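Observations on the three-dimensional arrangement
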Amino acid sequence: MITVRPYLPEDRAAVLALTPRLAEGVATWRDPGAVSTAVLGWVTGSLERTGNDDHGTFVAVHDGHVAGFVTVTVRTHFTGARDAYVGELVVSPEAERTGVGSTLMSAAESWARAHGLHRVTLETGAANLPARAFYRSLGFTEEDVRLSKPI
Ligand SMILES: CC(C)(COP(=O)(O)OP(=O)(O)OC[C@H]1O[C@@H](n2cnc3c(N)ncnc32)[C@H](O)[C@@H]1OP(=O)(O)O)[C@@H](O)C(=O)NCCC(=O)NCCS
């Protein structure tokens, strides 16, 4: 059975072990070393902010092991609307397609509702086709598209 609970300091090593998966689906033209450094920075930053009222981190536990994590915070859209923003979501390869990701996203949505927010937003790589299919299955639609070309 999967349970989801708030992140605890003793989850840190397990969460950091899953973090490199955030590099999946980043555009092939980006420097892999810089990507690895950035994803580690995002997650360590999120863990430092955990416990602040405007930041949530949840872990999924399966058979006593951390099978995934999600972080959620508040982000103000350019219209002034305050949205929930899912910064990081990772599921362990062994636990994929067992509902862990969906359960973590439900926890993020509950956190958002409890904070009076009415929309959940996130960003993912255009090349991250599994994640895009996953988010589509949860009812997300594309809102912005960032374009890029070498010059
Ligand atoms: C994307 C990710 C979070 C999905 O987690 P998960 O626990 O496997 O997802 P779930 O089991 O809850 O899947 C729910 C539904 O999403 C869709 N889905 C999930 N993974 C999919 C895939 N690889 N291809 C197509 N559809 C997929 C399916 O509709 C699935 O339902 P089904 O298994 O009954 O067909 C996970 O693959 C992951 O951690 N990837 C690496 C890190 C990453 O890309 N994070 C997101 C970056 S923003």
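The rules behind these values
- Residues numbered from 1 in each chain as written.
- Predicted model: local features only at pLDDT ≥ 70, side-chain atom pairs only at ≥ 80, totals over all residues.
- Heavy atoms only, no water.
- Near = heavy atom within 4 Å.
- Polar contact = N/O pair within 3.5 Å; in protein donor to acceptor, adjacent residues only side chain to side chain.
- Areas by Shrake-Rupley, 256 points an atom, 1.4 Å probe, with all protein chains shown as cover.
- Helix = DSSP H or I, 4+ residues; strand = E, 2+ residues; numbered from the N terminus.
- Buried < 20%, exposed > 50% of the residue type's maximum accessible area, 1.4 Å probe, protein only.
- Salt bridge = Lys/Arg side-chain N within 4 Å of Asp/Glu carboxyl O.
- UniProt positions renumbered as here; feature names shortened; annotations may be inferred.
- Expected span 1.5 Å × (residues − 1).
- Contact = heavy atoms within 4.5 Å.
- Pairing = 2+ DSSP bridges.
- Axes fitted to C-alpha atoms, helices over the stretch in contact; angles between N-to-C directions.

1. Re the site of the ligand
- In the vicinity of the ligand there are 21 residues, among which Leu89, Glu96, Arg97, Gly101 and Ser102 approach most closely.
- In this structure, Leu89 approaches the ligand through a main-chain N or O atom, which is 2.8 Å from a nitrogen atom.
- Glu96 places a side-chain nitrogen or oxygen 2.5 Å from an oxygen atom of the ligand.
- Summarising the interface, the protein chains cover 75% of the accessible area of the ligand, which totals 920 Å² for the free molecule.
- Looking at the shell around the ligand, the elements with two or more residues in it are β4 (82-91), α3 (100-114) and α4 (129-137).
- Looking at the shell around the ligand element by element, the count peaks at six residues for α4.

2. Some points on unusual backbone geometry
- Even without being glycine, Asp63 reaches a positive phi, approximately 50°.
- Within the secondary structure layout, Asp63 lies in the loop between β2 (55-62) and β3 (65-76).
- Since its relative accessible area comes to 63%, Asp63 is described here as exposed.
- The phi torsion at Arg97 lies on the positive side, around 65°, for a residue other than glycine.
- Of note, Arg97 is situated in the loop between β4 and α3.

3. Focus on the pattern of salt bridges
- Inspection of the entire model under this criterion finds six salt bridges.
- Several salt bridges share partner residues, and in doing so they unite Arg21, Glu24 and Glu96 into one network.

4. Things to note about the UniProt feature "domain: N-acetyltransferase" (unreviewed entry) in the chain
- In the numbering adopted here, UniProt assigns the feature "domain: N-acetyltransferase" (unreviewed entry) to residues 2-151.
- Between the end C-alpha atoms of residues 2-151 there is a gap of 47 Å, over a span that is 33% helix and 25% strand.

5. Some words on helix α2 (residues 32-49)
- The first and last C-alpha atoms of α2 sit 26 Å apart over 18 residues, in line with the 26 Å expected at 1.5 Å per residue.
- When α2 is considered as a whole, its buried residues turn out to be Val35, Val39, Val43, Thr44, Gly45, Ser46 and Leu47.
- Summarising the contacts, the buried residues of α2 are in contact with α1 (12-18), β2, β3 and β4.
- Gly51 sits one or two residues past α2 and shows a positive phi near 105°.

6. What about the sheet that holds β3?
- Read from one edge to the other, the open sheet built from five strands follows the order β1-β2-β3-β4-β5, with strand pairing classed as mixed. Two strands lie at the open edges of the sheet, namely β1 (2-6) and β5 (120-122), each paired on one side alone. Strand-to-strand twist in this sheet, taken as the mean axis angle between neighbours without regard to direction, amounts to 30°.
- Sheet topology note: the β2/β3 ladder contains eight bridges and is antiparallel. What sits directly across from Ala60, in β3, is Gly68.
- Across the sheet, α2 touches β2, β3 and β4, and the angle it forms with β2 is around 105°.

7. Here we look at the environment of Gly99
- Tracing the sequence through the fold places Gly99 in the loop between β4 and α3.
- Through-space distance from the C-alpha of Gly99 to that of Ile2 is 8.5 Å; in sequence the pair is 97 residues apart.

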